[in-house]
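# What the coordinates show
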Amino acid sequence: YVYSPEEYSGMRLFLSKDGGTGFALKEDDIVSVFNSVNSPHKGTTLSALMLAVQEGGRKLDAFDSALPHIYSKVGFRISSRVEQGVIQEVESGRT
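Residues numbered from 1 in each chain as written. Predicted model: local features only at pLDDT ≥ 70, side-chain atom pairs only at ≥ 80, totals over all residues. Heavy atoms only, no water.

As a further point, take the nonpolar core. In terms of nonpolar packing, the biggest core is built from 13 residues, with Phe23, Leu25, Ile30, Leu49, Leu60, Tyr71 and Phe76 touching the most fellow members. Those elements that provide at least two residues to this core are β2 (21-26), α2 (45-54) and β4 (59-63). In terms of residues, this core owes the most to one element, α2, which gives four residues. (Core = buried A, V, L, I, M, F, W, Y, C linked by side-chain atoms within 4.5 Å. Buried < 20%, exposed > 50% of the residue type's maximum accessible area, 1.4 Å probe, protein only. Helix = DSSP H or I, 4+ residues; strand = E, 2+ residues; numbered from the N terminus.)

In structure tokens form, the structure reads like this:
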């Protein structure tokens, strides 16, 4: 899903100083997590996810790819799976 600028205006946005990594919080949903291939800093996704959890993020959706494995490294677990395994919702194991 691609959010519109109007939708993003209602979210809390987080962006690294170099603009290479970021995410948004839509209440407790973590959305639009990214780490640009052009960023000189690699492996920042986990740090971004840890910050998202510190800032109140508790769940997110993920394509059934490497993402659930990456998200599990910061305490998320699969809580539901859409038919055909295309998208999964994962929730933080933290309270």
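Counted by the stated rule, this structure contains three aromatic pairs. Residues tyrosine 3 and tyrosine 8 carry aromatic rings whose centres are separated by 5.5 Å and whose planes lie at 65° to one another, so their mutual orientation is edge-to-face. Tyrosine 8 sits in the partly exposed class, given a relative accessible area of 25%. With 4.5 Å between their ring centres and 10° between their planes, phenylalanine 14 and phenylalanine 23 make a pair best called stacked. Using a relative accessible area of 5% as the deciding quantity, one classes phenylalanine 23 as buried. (Phe/Tyr/Trp six-rings, centres within 6.5 Å; stacked < 30°, edge-to-face > 60°.)

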